[in-house]
Amino acid sequence: MSHIRSFERKPEVFEDFQADLKVESPGRINLIGEHTDYNKGFVLPTAINKKIFLRFRKNDTVNFCRIYSQSLDKGFEFRLDKFITKTGGWEDYLLGVTQELLQLSGRLEGFDCFIESELPVGAGISSSAALECGFAGGLNSLFELNLSDMQIVKLCQKAENDFVGSNCGIMDQFASVMSRKDHVIKIDCQSLETEFIPASFKNCKLLLLNTNVSHNLADSDYNSRREECEAAIEIIQSTKLGITSLRDLTFEALENYKEQLSPKMYDRCLYVLKENGRVLAAANALKSGNLQTFGKLMYASHEGLQHHYQVSCKELDFLVDFSRDREYILGSRMMGGGFGGCTINLIEEEHIKTYIEQVSEAYFKNFNIELDAFTVMPGEGTQISKI
Ligand code: GAF
């Protein structure tokens, strides 16, 4: 039997909670470079000015841990000296991180943690990475474990892969921890080299439109895309040594293997190769202030995700299509893993209000679902402070 005990209401101990440490852990956006991180390619994300807030204190026990989420009005307690098992719910992000920290440092003790969030769940702005990284960063600091930011990033990704069971790449955790205010990060997911690029969008803003749908198979379809890429690499590797990821493949080499790959595999690979090129071109366009080019690359990215990688859905396609003949929208694309969540739009500021009214009305008419719309700014990665 699991020793993890859930509670549905706020326990007394979290009333008037006096913490030792507070953490601000941001969600992330990705301007371009989708499904390229686990293929060892390039991405262009940044943290945003919407966050999860966590507060921690030691509770003077050796093993007893208590966590409460104000936003969910739910919490749970567990012991560090008992085998940690999955619940299948939001708790797993935190239990997975705890297990990784125990394995890496073995030096945790009892604590209480109070969580509040302004990140919508399932919107594709990575509330899960924000939760993992904020929690890991907080415990690292509370118990003086001396783990580096990169160790935090990697252990959170591992917790999500091994404990939660989502085979995600490194982008979300990296962006949530490492970002700098008013910059986007070009990450080479093979070498983990980074370039911080000033995020100057002139008279434009980044507008997120949340479809408020999250199709059921999001996790398994995500994992199967990754498997399809890995299967293609395995086929190519069997005759061409030295190819360990799609990053090592050229367009020319891919054409040579076309016959041996299924049409689906070929399409997935082609998308990834093209998307890597688009990230590099987009980073250059941003540096030279060419937002028209940047926007076109966003549209091209969506088309690849829709037709070749096949991770979009009718709600996302509707929103991208709706933006197309409006000159004041420079670019639009689905963002994140896909199958629901948000589109990201590069839009001239003066048209935002009218556009939100128009697109919300049309979206509701089509799907009978309310659209959520909000602008975001590139923000700072995890921030931790003693109280
Ligand atoms: C999700 C994953 F967590 C990331 O690692 C990345 O693969 C993304 O989907 C798609 O680009 O957010």
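Residues numbered from 1 in each chain as written. Predicted model: local features only at pLDDT ≥ 70, side-chain atom pairs only at ≥ 80, totals over all residues.

The strand order β3-β8-β9 describes an open sheet built from three strands, whose pairing is antiparallel. With partners counted over all chains shown, the strands left at the sheet margins are β3 (42–43) and β9 (194–198), one partner each. Where strand β8 (residues 183–188) lies against β9, five bridges are found, and the strand directions are antiparallel. Counterpart to Val 184 in the pairing with β9 is Ile 197. (Pairing = 2+ DSSP bridges. Helix = DSSP H or I, 4+ residues; strand = E, 2+ residues; numbered from the N terminus.)

Another point: helix α4 (residues 171–178). Most of α4 is tucked away, with eight of its eight residues classed as buried. What α4 keeps buried is the set Met 171, Asp 172, Gln 173, Phe 174, Ala 175, Ser 176, Val 177 and Met 178. Of the surrounding secondary structure, the elements contacted by the buried residues of α4 are β2 (21–30), β3, β4 (45–58), α2 (127–142), α3 (149–164) and β8. (Buried ≥ 20, exposed ≤ 12 C-beta atoms within 10 Å, placed from the backbone. Contact = placed C-beta atoms within 7 Å.)

Once that is clear, we can look at the packing of α3 against α4. Close contact between α3 and α4 brings their axes to 9 Å; oriented N to C, the two are set at 145°. α4 is crossed by α3, and the crossing has right-handed handedness. Listed contacts from α4 to Asp 149, Ile 152, Val 153, Cys 156 and Gln 157 of α3 are Gln 173, Phe 174, Val 177 and Met 178. Its residues placed into classes, the contact of α3 with α4 shows six nonpolar, two polar and one charged. (Axes fitted to C-alpha atoms, helices over the stretch in contact; angles between N-to-C directions. Left-handed = near helix turned anticlockwise from the far one by under 90°. Nonpolar A, V, L, I, M, F, W, Y, C, P; charged D, E, K, R; others polar.)

As a further point, take the domain arrangement of the chain. What the domain assignment lists for the chain is domain 1 (5–197 + 380–386) and domain 2 (204–376). For domain 1 and domain 2, the distance between their C-alpha centroids amounts to 26 Å. Listed by partner, the interface residues are 29 residues for domain 1 and 36 residues for domain 2. Secondary structure elements with two or more residues in the side of domain 1 that touches domain 2: β2, β3 and β4. Looking at which element gives the most residues to the side of domain 1 that touches domain 2, the answer is β4, with three residues. (Domains from an automatic or database assignment.)

Within β2, eight of the ten residues are buried, which leaves the element mostly enclosed by the surrounding structure. Taken together, the nine bridges between β2 and β4 define a ladder with antiparallel strand orientation. Note that in β4 the partner of Ser 25 across the bridge is Ile 52.

Spatially, the four strands line up as an open sheet ordered β11-β12-β10-β13, and their pairing is antiparallel. Unpaired on one side and paired on the other, β11 (329–334) and β13 (372–376) mark the two borders of the sheet. For this sheet the average axis-to-axis angle between neighbouring strands, irrespective of direction, equals 20°. Across the sheet, helix α8 (residues 291–308) is in contact with β10 (204–214), β11 and β12 (340–348); its angle to β11 comes to roughly 25°. Contacts between helix α9 (residues 314–323) and the sheet are confined to β10, β11 and β12, with β11 contributing the most and set at about 170° to the helix.

Attention now moves to the environment of Val 279. Locating Val 279 in the fold gives a position in helix α7 (residues 263–287). On the basis of neighbour counts, which here come to 24 C-beta atoms within 10 Å, the residue Val 279 falls in the buried class. A C-alpha to C-alpha distance of 27 Å links Val 279 and His 351, two positions 72 residues apart in sequence. Aside from chain neighbours lying at most four places away, what touches Val 279 is Ile 32, Gly 33, Thr 36, Phe 42, Val 43 and Leu 44.

Near the ligand the following residues occur: Glu 34, His 35, Asp 37, Tyr 38, Ser 126, Cys 168, Gly 169, Met 171, Asp 172, Gly 336 and Gly 337. Classifying every residue of the shell around the ligand gives three nonpolar, five polar and three charged. (Near = placed C-beta within 6 Å.)

The next point concerns α9. Taken together, the buried positions of α9 are occupied by Glu 315, Leu 316, Leu 319, Val 320 and Ser 323. One side of α9 carries all its buried residues, which in axial view fall inside an arc of 135°. Counted as exposed and oriented over 90 degrees from the buried face of α9: Lys 314 and Asp 321. Those residues of α9 hidden inside the fold are in contact with β10, α8, β11, β12 and α10 (352–367). (Arc of directions from axis to C-beta.)

Once that is clear, we can look at the packing of α9 against α10. Where α9 meets α10, the closest approach of the two axes is 11 Å, and the angle between their N-to-C directions is 145°. In the packing of α9 onto α10, the handedness of the crossing is right-handed. Taken together, the residues of α10 that come into contact with α9 (itself represented by Glu 315, Phe 318, Leu 319 and Phe 322) are Val 359, Ala 362, Tyr 363, Asn 366 and Phe 367. Residues that form the contact of α9 with α10 fall into these classes: seven nonpolar, one polar and one charged.

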